[in-house]
Amino acid sequence: MGVKVEDFDLDRENTWCPGCGNFAILDTVKKSLANLGLPPNEVMVVSGIGQAGKMPGHFRVNTFNVLHGRVLPAATGISLANHELKILAIGGDGDGLAEGGNHLIHAARRNINVTYMMHNNMVYGLTKGQVSPTSDEGLKTPTTPGGNPVAGLNPVLMLLGLKASFVARSFSGSKEQLGSIIERAIQKPGFAFIDILQPCPSFNKVNTHGWFKKRVFDINEEGHKPDNLCEAFQAAMEWGERIPTGIFYDEPEARPVFNEVLFGSQEQPLLEAELNPLDIKEMIKEHL
Ligand SMILES: Cc1ncc(C[n+]2csc(CCOP(=O)(O)OP(=O)(O)O)c2C)c(N)n1
Ligand code: SF4
Ligand SMILES: [Mg+2]
């Protein structure tokens, strides 16, 4: 009796627009969890605010929907309290790179044991299409009516610069590739980052499903091996007429995850450990 995709089904009204890339990402995540034999009670999905942030409302797992931009601090705390959970952090490009950009830096640096999926539709979808940190230069939005005056940032290059343990990019329209990357990321100990390109047909009329489909190609199929950081940078530099996807970097040498750095190897999750409160009255007196 393995885990089935239907085990993750939740009968709730879905308010995503027709054609939104989030549907394919949701289906693929559920399939990947089933393929890995991870039952819903062993999975925790933490999400921020935005259309991507609504993901946990649509599948049966442990969930925590937090403030905009605060996905990774919450995921860090959960992973420290219970390292036995498989933790998926989910949010949009605005959530992860604008409001939450600071947290992304430190989650990667600390190597928290979390898979982070950033749904990248290159705009703020939920709040009706404002410019985001990944919007291309020239994109006209309600906040940049004359066109985005600056170039969008490349999240893959940013995460390589932070030496994240695992850095990949996929596209909601490449479900097979996306599924295999998600499965590998979940199995990777430490911080695994996936930039998931997705169309927002309601508010991004430029970077559409067809626009991405015409440009994406798989770097691993073209021979890129993800064990070399310099070559990963080289592969990630491209953006435009051709958009590289696949696994850019998968750190070959295992590095301790944040739990191990703080607590060493743990026999039981912190939340089950016996409380041994320190009596600090004498210490306080010394400073009075
Ligand atoms: C602290 C805070 N700032 C701003 C907002 C308003 N807000 C909600 S979602 C959002 C951006 C959503 O864009 P993104 O993260 O890219 O997700 P998408 O909807 O595109 O999936 C903003 C600015 C908020 N809810 N809370
Ligand atoms: S606004 Fe865009 S991101 Fe949000 S549900 Fe609609 S298509 Fe998807
Ligand atoms: Mg977005």
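What counts and how
- Residues numbered from 1 in each chain as written.
- Chains lettered and ligands numbered in written order.
- Predicted model: local features only at pLDDT ≥ 70, side-chain atom pairs only at ≥ 80, totals over all residues.
- Heavy atoms only, no water.
- Salt bridge = Lys/Arg side-chain N within 4 Å of Asp/Glu carboxyl O.
- Buried < 20%, exposed > 50% of the residue type's maximum accessible area, 1.4 Å probe, protein only.
- Helix = DSSP H or I, 4+ residues; strand = E, 2+ residues; numbered from the N terminus.
- Axes fitted to C-alpha atoms, helices over the stretch in contact; angles between N-to-C directions.
- Parallel < 35°, antiparallel > 145°, perpendicular 65-115°, else oblique.
- Left-handed = near helix turned anticlockwise from the far one by under 90°.
- Contact = heavy atoms within 4.5 Å.
- Nonpolar A, V, L, I, M, F, W, Y, C, P; charged D, E, K, R; others polar.
- Donors = N, O, S within 2.8 Å, 3.2 Å for Na, K, Ca; no water.

Caption draft 1: The arrangement of the pattern of salt bridges in detail. As enumerated under the stated definition, the model contains 13 salt bridges in all. D7 is the partner of K4 in a salt bridge, and the nearest nitrogen-oxygen pair spans 3.7 Å. In this structure K4 comes out as partly exposed when scored by relative accessible area, which is 42%. Note that E282 and K285 form a salt bridge whose closest N and O atoms lie 3.1 Å from each other. Here E282 pairs with K285, and both are found in helix α10 (residues 281-286), just 3 residues apart, close to one helical turn.

Caption draft 2: Summary view of the packing of helix α1 (residues 22-35) against helix α6 (residues 175-187). The interhelical angle for the contact between α1 and α6, taken along N-to-C directions, is 50°, at an axis separation of 9 Å. As judged from the angle between their axes, α1 and α6 are oblique. Relative to α6, α1 is oriented so that their crossing is right-handed. Contacts between α1 and α6 involve A24, I25, D27, T28, V29, S32, L33 and N35 on the former and, on the latter, K175, L178, G179, I182, E183 and I186. The class makeup of the residues in the contact of α1 with α6 is 7 nonpolar, 4 polar and 3 charged.

Caption draft 3: Focus on the coordination of the magnesium ion (ligand 3). Around the magnesium ion (ligand 3), the protein supplies D93 (OD), N121 (OD1) and V123 (O) as donor atoms, at distances of 2.1 to 2.2 Å. Mapped onto the sequence, the donors of the magnesium ion (ligand 3) take the spacing D-x27-N-x1-V. Residue classification places N121 among the buried residues on the basis of a relative accessible area of 7%. Overall, the relative accessible area of 2% leaves V123 in the buried class.

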